[in-house]
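Summary of the model geometry
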Amino acid sequence: MKNVTSKYLLVGLLLVVVVAAVLLWPREAGLTFTAGTYEASAMGFNADIRVEVVVDRTAIKSIRVVEHRESPLIADVALLRIPAAVVAGQTVAVDAVAGATVTSRGLLTAITDALTKAGGNLALLQTRPAAGPPPQGQLTERRADVVVIGGGGAGLAAAVEAHQNGATVIVLEKMPRIGGNTIISGGAFNAVEERRQKAQGIEDSVERHFTQTYEGGDRRGNPELIRILVENAAGAVKWLEELGMKFQERVFTVPGGMWARAIRPEMPLGTGFIDTLGAYIEREEGIEVLLETTATELILEGGRVVGVKTTTAAGPLTVRANNAVIIATGGFGANVEMRDKVNTVWPTLTSIKTTNHPGATGDGIRMAEVVGARVVGLEQIQLLPLGDPRSGSLAGSIGRSVDTTIYVNKEGQRFVNEGARRDVMTMALMQQRDAILWEVVDRDSYPTGDTRNNFDETIDTLVTQGRAFRADSLEELARLIGVNPANLVQTVAEFNAAVDRKGGDAFGRTLFGDKIDTAPFYAASRAPTVHHTMGGIEINARAEVINQNGQPIAGLFAAGEVTGGIHGSNRLGGNALPDTIVFGRIAGRNAAAARR
Ligand code: ADP
């Protein structure tokens, strides 16, 4: 009897629970909106991103980015991909794009805001769509003669050269775009080239380039590798030109470059390099890039590197190399933890921003060490005194050539030779109040408002955005930037006197162009920023990776910023790009020939 009663009780209780659940369960309802066009904006990386969203009664029809000031090369993928993903999935629960997370988040906030204005239910909008079935037929193994890790300047040059030497090539790139740090670099390329330099009356020699590189790195660089770099830089320009790349004729001195031997591509920043090499890869058979494919481990068999393990969104992928693997993953400037671990040179790097793209995390160094590679000079980290104080980026810098620019501190006084080594200038800047400098130039640098800086921004845009200041007199400029006007006037007068004398200033400056005496005058503030990691994997003249015993590791090459031992303790401005192309090509050629 007792049993029967408890049974009824239990059934009754269950019924109550079921009824309650049915009543309280959220209704499975679709999205609804008030049809129309809605706008909203939210902060991105540089400034507000404004979007326009079109909805009908039940669906998000389209999303357009109406206005933004994100860096095109970094943010493009996010600006394209996020709106498309929201429309495709009818949800704002989409993943941020790697390398552009701040832009992605800003975009999603603006889109969510616009959709909420349209009456969309936030909880429903934020629901992740159910995961579909796992992709069918996903390959778990690929194969090529040469496998290149990293699709920046060195990796793409290596890939093209290997292909030109008869190899099939697969490039693995972890980001959603190729280009690495190369594409956002200023594009300055040092090469001793008689034709261009003579036309401007510049005397130079390969020997001088060698000496400046070797001495500039405190004789810590490997002279054999430096010689290869300086002797092959002009050949690298020719090779790129044969592939269709266009360089400007004008030769200039890049900050820390020590000499007027830098040329600049016609296309902005480093895009010309990536466009040229990328176009070759697109048009040729037997060479391809796998994007969003992160190399995690080198495969070692019988003492030889025979492939790479990777992760992709669709799962793990092994890429085997018939001939060899080339590591071209760039440096570790964006990896604060790794910087801190190796830094013995700078007072602190923890709070210093970087010019680097977010993928510069030192993966290649770690992978190489696991298979026994020797690394050199990791503590040699290059800073520039020319970072945007907020983001660390080089964008917004207004110096166009060293010989026409001065740097003043918050007191309006010069404090260093602007033609000095990069480490010397940055160390000097760190001693100034708030470690902030003002670049000061005049109309000679910007004859018109639409003259562009070295980062493809017009001076008018920079002034409108408040990133540069313009005034018709030095006193007014000083007031705009908050420095003592009398000091600035006196500083510039002393500098102009040194220009007349071609020397004899207090800082030992030797590079002089025009005086700073023609209105309008311009100023932009700059701060120390981590730029280049000079240490890395040790290589020999064939770009083979060297092991702990000083022997090459079979089947493994490296090139570009991931390598160490070329630039010593200080890299000459304008030497990074020739390094990537010259050694990328050497690695590519030798990897193509490294048949097992
Ligand atoms: P370099 O100037 O030496 O060519 P870059 O910074 O231009 O160096 O290019 C290095 C490239 O390598 C970047 O595009 C970066 O995203 C890519 N990369 C870094 N680590 C990995 C990894 N683990 N797997 C695939 N690609 C990587």
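Every residue gets a number counted from 1 within its own chain, in the order that chain's sequence is written. Local features in this predicted model are restricted to residues of pLDDT 70 or higher, and side-chain atom pairs are both shown and tallied only at a pLDDT of 80 or more, whereas totals for entire chains, interfaces and linings draw on every residue. The side-chain quantities take in all heavy atoms of the structure and omit both hydrogens and water.

A few points about helix 12 (residues 422-430)
Put simply, the test is: Per-residue accessibility, obtained with a 1.4 Å probe over protein chains only, is compared with the maximum for each type, and a residue is labelled buried under 20%, exposed over 50%, and partly exposed between these values. The way it works is that DSSP assigns letters per residue, a run of H or I at least four long becomes a helix, a run of E at least two long becomes a strand, and they are numbered from the N terminus. The contact definition used throughout considers only heavy atoms, calling two residues in contact when any of these lie within 4.5 Å.
Within helix 12 the residues assigned to the buried category are R422, D423, M425, T426, A428 and L429. Close packing links the buried residues of helix 12 with strand 13 (381-387), strand 14 (406-408), strand 15 (437-441) and strand 17 (521-533).

Structural notes on the packing of aromatic side chains
The condition is simple: The pairing test for Phe, Tyr and Trp rings, Trp by its six-membered ring, is centres within 6.5 Å, and the orientation test on the planes gives stacked under 30 degrees, edge-to-face over 60, and tilted for anything in between. Lysine NZ or arginine CZ positioned within 6 Å of the ring centre and within 35 degrees of the ring normal marks a charge as sitting over the ring.
This model, assessed by the stated rule, comprises seven aromatic pairs. Between F189 and F247, the ring centres sit 6.1 Å apart and the planes meet at 65°, which makes this aromatic pair edge-to-face. In this pair, F189 is assigned in strand 6 (residues 189-190) and F247 in the loop between helix 8 (223-242) and strand 7 (262-263), connecting sequence segments 58 residues apart. Judged by relative accessible area, F247 falls into the buried class, the value being 6%. A ring pair is formed by F247 and F273, whose centres lie 6.0 Å apart and whose planes are at 70°; its orientation type is edge-to-face. Of this pair, F247 sits in the loop between helix 8 and strand 7 while F273 sits in helix 9 (residues 271-283), and the two are 26 residues apart along the sequence. A connected cluster of aromatic rings, assembled from ring pairs, spans F189, F247 and F273. Positioned above the aromatic ring of F210 is the side chain of R227, whose terminal nitrogen or guanidinium carbon lies 4.1 Å from the ring centre.

Considerations on the environment of W259
Selection criterion: Polar contacts here mean pairs of N or O atoms no more than 3.5 Å apart (in protein, one a potential hydrogen donor and the other a potential acceptor; neighbouring residues in sequence count only if both atoms are side-chain atoms).
Residue position: W259 is located in the loop between helix 8 and strand 7. Leave out the neighbours within four places in its chain, and W259 touches I202, E203, D204, R208, Q212, F252 and T253. At a separation of 3.0 Å, a polar atom in the side chain of W259 contacts the main-chain carbonyl oxygen of E203.

Digging into the domain arrangement of the protein chain
Defined as follows: Note that the domain bounds were set by an automatic or database domain assignment. In short, buried area is how much 1.4 Å probe accessible area vanishes from two parts on joining, totalled over both. In what follows, salt bridge is the name for a side-chain nitrogen of Lys or Arg lying within 4 Å of a carboxyl oxygen of Asp or Glu.
Per the domain assignment, the segments of the protein chain are domain 1 (36-125), domain 2 (141-183 + 271-380 + 534-592) and domain 3 (383-529). One C-alpha centre belongs to domain 1, the other to domain 2; they are set 34 Å apart. With seven residues of domain 1 in contact, the opposing surface of domain 2 contributes eight residues. Between domain 1 and domain 2 lies a buried interface of about 610 Å² when both sides are counted; carbon and sulfur atoms form 69% of it. Where domain 1 packs against domain 2, one counts one salt bridge.

Some points on the site of the ligand
This is how the line gets drawn: We call a residue near a given molecule or strand whenever any one of its heavy atoms falls within 4 Å of it. Note on areas: Shrake-Rupley with a 1.4 Å probe; residue coverage comes only from the protein chains shown.
Taken together, 27 residues sit near the ligand, with A154, E173, T182, D363 and E561 positioned nearest. A distance of 3.1 Å separates a nitrogen atom of the ligand from a polar atom in the backbone of K174. G180 is positioned with one of its backbone polar atoms (N or O) 3.3 Å from an oxygen atom of the ligand. Protein burial of the ligand: of its 580 Å² of free accessible surface, 98% is covered by the chains. Those elements that place two or more of their residues in the shell around the ligand are helix 5 (153-164), strand 9 (293-301) and helix 11 (363-370).

Observations regarding the pattern of salt bridges
Tallying each qualifying case throughout the model produces 36 salt bridges. A salt bridge links E215 to R219; the nearest nitrogen and oxygen atoms lie 2.7 Å apart. Judged by its relative accessible area of 36%, E215 falls in the partly exposed class. The salt bridge involving E411 is made with R433; its shortest N-O contact spans 2.9 Å. Of the two residues, E411 sits in the loop between strand 14 and helix 12 while R433 sits in the loop between helix 12 and strand 15, which places them 22 residues apart along the sequence. Counted as one network, the salt bridges with shared partners bring together E193, R195, R196, E241 and E249.

Thoughts on helix 7 (residues 206-216)
Among all positions in helix 7, only H209, F210, Q212, T213, Y214 and G216 are buried. Where helix 7 is buried, its residues meet strand 6 and helix 8. Phi for D218, located one or two positions after helix 7, is positive at around 55°.

Thoughts on the layout of surface pockets
Under the convention used in this document: Both site types are read off a 1 Å grid over the protein atoms alone. A 1.4 Å probe that fits but cannot get out defines a cavity, while an open set with protein on both sides within 12 Å along at least five of seven lines defines a pocket; lining residues have an atom within 4 Å of a point. Grid points are joined across faces, edges and corners, and a volume is the space filled by probe spheres set on the points. All amino acids are sorted into three groups, where Ala, Val, Leu, Ile, Met, Phe, Trp, Tyr, Cys and Pro are nonpolar, Asp, Glu, Lys and Arg are charged, and the leftover types, Gly among them, are polar.
Considering only enclosed or pocket space, the second largest pocket measures out at about 300 Å³ in volume. For the second largest pocket, the lining is made up of 13 residues, of which I178, I274, G278, A279 and E282 are closest to its centre. For the lining of the second largest pocket, the elements supplying multiple residues, two or more each, are helix 9 and strand 8 (287-290). Here the element with the most residues in the lining of the second largest pocket is helix 9; it accounts for seven residues. By residue class, the composition of the lining of the second largest pocket is eight nonpolar, two polar and three charged.

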